[in-house]
Amino acid sequence: MIWMPIYIHIIFSYLAAVGFAVFLNSPKKTLYVSGAVGMISWTIYILLMRLNFDMMSANFIAAAIAGLICEILARKMKKPTILFIVPGIITLIPGLGLYNTMYYVVEGDFQSSFTTGANVLLASGSIALGVIVVSSLFRNYYKNNGR
């Protein structure tokens, strides 16, 4: 990962999340909030990576925190959780890894493509697992407490 100042990460992750929310036709009220969730999840990921966490753990923790924030926001704003969670985790998707996997396949370097592809699948799985675990716990809590 190329080192950049944290404020650059914050600005561009916010813009990416808002742009993706616009692409998904999210209501105008939710655009800024969705951008903030995407910014928070990416910033957490970057900070954890700088603290030498492995990629899967950093993705899981960032996605879990994003999932928790999205569940709370969905209840507060009385909107579906999906409006917040998709733009909130889009910044975590390992796009460069996906690109490099396909590049290695086209070049015929199957060992590198397999290694990179496995890392991408594990990272994507940890993002999904982070969201699913928090969402399940949160919904189970509200179901059992009658809210």
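Residues numbered from 1 in each chain as written. Predicted model: local features only at pLDDT ≥ 70, side-chain atom pairs only at ≥ 80, totals over all residues. Heavy atoms only, no water.

Moving on to helix α4 (residues 82–89). Most of α4 sits inside the fold, with 6 of its 8 residues counted as buried. Of all the residues in α4, the buried ones are Leu 83, Phe 84, Ile 85, Pro 87, Gly 88 and Ile 89. Contacts made by the buried residues of α4 are with α1 (6–23), α2 (28–50), α3 (55–77) and α6 (110–144). (Buried < 20%, exposed > 50% of the residue type's maximum accessible area, 1.4 Å probe, protein only. Helix = DSSP H or I, 4+ residues; strand = E, 2+ residues; numbered from the N terminus. Contact = heavy atoms within 4.5 Å.)

One way to put it is that α3 packs onto α6 with a least axis distance of 8 Å and a crossing angle of 35°. α6 is crossed by α3, and the crossing has right-handed handedness. Across the contact of α3 with α6, the residue classes tally to 15 nonpolar, 6 polar and 3 charged. (Axes fitted to C-alpha atoms, helices over the stretch in contact; angles between N-to-C directions. Left-handed = near helix turned anticlockwise from the far one by under 90°. Nonpolar A, V, L, I, M, F, W, Y, C, P; charged D, E, K, R; others polar.)

On to α6, then. For α6, with 35 residues, the first-to-last C-alpha span of 49 Å sits near the 51 Å given by 1.5 Å per residue. Those residues of α6 that are buried lie in contact with α3, α4 and α5 (95–107). (Expected span 1.5 Å × (residues − 1).)

The residue His 9 is located in helix α1 in this model. Relative accessible area serves as the criterion here: at 7%, His 9 is assigned to the buried category. Among the polar contacts listed, one links the side chain of His 9 to the side chain of Trp 42, at a separation of 3.0 Å. Not counting the four nearest positions on each side in its chain, His 9 is found in contact with Met 4, Trp 42, Ile 46 and Arg 50. (Polar contact = N/O pair within 3.5 Å; in protein donor to acceptor, adjacent residues only side chain to side chain.)

Let us look at the pattern of salt bridges. A complete count under the given rule lists 2 salt bridges for this structure. Here Arg 75 makes a salt bridge to Glu 71, at a shortest N to O gap of 3.1 Å. Of this pair, Arg 75 and Glu 71 both sit in helix α3, separated by 4 residues, roughly a single helical turn. Accessibility expressed as a relative area gives 2% for Glu 71, which makes it buried. One salt bridge connects Glu 71 with Arg 139, and the closest N-O pair in it is separated by 3.4 Å. Within this pair, whereas Glu 71 is found in helix α3, its partner Arg 139 is found in helix α6, the two being separated by 68 residues in sequence. Look at Arg 139 and you get partly exposed, because its relative accessible area is 44%. Through salt bridges with shared partners, a single ionic network connects Glu 71, Arg 75 and Arg 139. (Salt bridge = Lys/Arg side-chain N within 4 Å of Asp/Glu carboxyl O.)

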